[in-house]
Amino acid sequence: ELFVLTYGALVAQLCKDYEKDEDVNTCLDRMGYGIGVRLIDDFLARSAVRKCRSYSETADTIAQVAFKMYLGVTPSVSCSSAAGNEFSLILDKNPLVDFVEELPAERASLCYCNLLCGVIRGALEMVHLAAEVTFLQDRLKGDAVTEIGITFLRKAED
Amino acid sequence: ENGRCTTKLESMGFRVGQGLIERFTKDTTRFKDELDIMKFICKDFWTTVFKKQIDNLRTNHQGIYVLQDNKFRLLTQMSAGKQYLEHAPKYLAFTCGLIRGGLSNLGIKSIVTAEVSSMPACKFQVMIQKM
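Residues numbered from 1 in each chain as written. Chains lettered and ligands numbered in written order. Predicted model: local features only at pLDDT ≥ 70, side-chain atom pairs only at ≥ 80, totals over all residues. Heavy atoms only, no water.

Per an unreviewed UniProt entry, chain B is named Trafficking protein particle complex subunit 6B, and its organism is Oceanodroma tethys. Under the Sequence similarities (unreviewed entry) heading, UniProt states for chain B: "Belongs to the TRAPP small subunits family. BET3 subfamily." Database annotation for chain B, UniProt heading Function (unreviewed entry): "Component of a transport protein particle (TRAPP) complex that may function in specific stages of inter-organelle traffic. Specifically involved in the early development of neural circuitry, likely by controlling the frequency and amplitude of intracellular calcium transients implicated in the regulation of neuron differentiation and survival." (UniProt positions renumbered as here; feature names shortened; annotations may be inferred.)

For chain A, the name recorded in an unreviewed UniProt entry is Trafficking protein particle complex subunit 3-like protein, with Oceanodroma tethys as its organism. On record in UniProt, under Sequence similarities (unreviewed entry), the comment for chain A is "Belongs to the TRAPP small subunits family. BET3 subfamily." Listed in UniProt under the heading Subunit (unreviewed entry), the comment for chain A reads: "Homodimer. Component of the multisubunit TRAPP (transport protein particle) complex, which includes at least TRAPPC2, TRAPPC2L, TRAPPC3, TRAPPC3L, TRAPPC4, TRAPPC5, TRAPPC8, TRAPPC9, TRAPPC10, TRAPPC11 and TRAPPC12."

Written out as structure tokens, the structure reads:
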């Protein structure tokens, strides 16, 4: 609860600091990135997972091990491209929004949980996987589900 | 710049403190008096947030309380030397707000400050404001 409330206070403060939703979203993403590049160490140490041998395995690990470890939920994973590099994580339950009913009217484009995208992106980069991570759907914005899209870009040179 | 940053952190802590205390005290009985509330902050509140109790509570019985935490969890990850002493206040600001927010929702107006003498021990001073 402390975590969820603190996240909420953080977003509220950012909304006070920045007028435009896009700026808040960018800020959250950047903060998430900073967290992700450090969180990966903690994750690898505590989960002792083997090196993932495919994008699919990576996406599964993120959903089933990492999300479970840090947020206590397990999003479902599906591959959304024939090329095998685009995945979508569907969050049935999102603890970060436990105390949020809906976005205020003047903040309609706010990606409340954008921090998560940054975290995933930062963590992946530290294991030499470049990826684009964004929210494709958001329950807070009225969509049916909350969906995070991960697109693996060409593997970065080691 | 630094001062504004600390103020923002303190206000964030304040909001969170208000929210937290609401959830904690939903089912508890009314507090007897001010000292009872302070003891609650030192024991239950501190344990839920920091997984340990306040080590020492002192008061002058005239509205000033000093809460001492000898191993403050937000500071234990930093090395115990003097090098990080100047950055410690940022970490304490959020917590001061947390206490102030919690007390505020229990009907107590206060000013909370903190000081670190030697890491990771720190003291929070609560000055109750008579309304």
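Asker: Outline the nonpolar core, supporting the account with residue identities and numerical values.
Answerer: Formed by 73 residues in total, the largest nonpolar core has its most connected members in F67, I148 and I150 of chain A together with F45, L67, F124 and V126 of chain B. Ranked by the residues each element gives to this core, the list is headed by helix 2 (residues 34-50) of chain B, at nine residues. Aside from chain neighbours lying at most four places away, what touches F67 of chain A is I62, G72, V73, P75, L89, L91, L116, I120 and I148 of chain A. (Core = buried A, V, L, I, M, F, W, Y, C linked by side-chain atoms within 4.5 Å. Buried < 20%, exposed > 50% of the residue type's maximum accessible area, 1.4 Å probe, protein only. Helix = DSSP H or I, 4+ residues; strand = E, 2+ residues; numbered from the N terminus. Contact = heavy atoms within 4.5 Å.)

Asker: Explain the pairing of strand 1 (residues 76-79) of chain A to me, and be specific about the residues and the numbers.
Answerer: All names here are of chain A. Here strand 1 runs beside strand 2 (residues 86-91); their pairing, made up of four bridges, is antiparallel. Within the sheet, the bridge partner assigned to S76 lies in strand 2 and is I90. Between strand 1 and strand 2, which pair antiparallel in sequence order, lie six residues; one of them, G84, sits at a positive phi of approximately 80°. (Pairing = 2+ DSSP bridges.)

Asker: Outline the sheet that holds strand 1 (residues 56-59) of chain B, supporting the account with residue identities and numerical values.
Answerer: Residues and elements named next belong to chain B. Here we have four strands laid out as an open sheet, ordered 1-2-4-3, and antiparallel in their pairing. The open sheet has two edge strands with one neighbour each: strand 1 and strand 3 (109-118). With strand direction ignored, the average angle separating the axes of adjacent strands in the sheet is 20°. Pairing analysis gives six bridges linking strand 2 (residues 64-69) to strand 4 (residues 121-129), with the strands arranged antiparallel. Within the sheet, the bridge partner assigned to L67 lies in strand 4 and is F124. Against the sheet, helix 2 engages strand 1, strand 2 and strand 4, with an angle of about 15° to strand 2. Across the sheet, helix 3 (residues 88-105) touches strand 3 and strand 4, and the angle it forms with strand 3 is around 150°. (Axes fitted to C-alpha atoms, helices over the stretch in contact; angles between N-to-C directions.)

Asker: Go over the confidence of the model for chain B with me, naming the residues and quoting the values.
Answerer: Residue-level pLDDT values for chain B average 87, and 91% of them are 70 or greater. Scored as a complex, the prediction yields pTM 0.82 and ipTM 0.71. (pLDDT = per-residue confidence, 0-100.)

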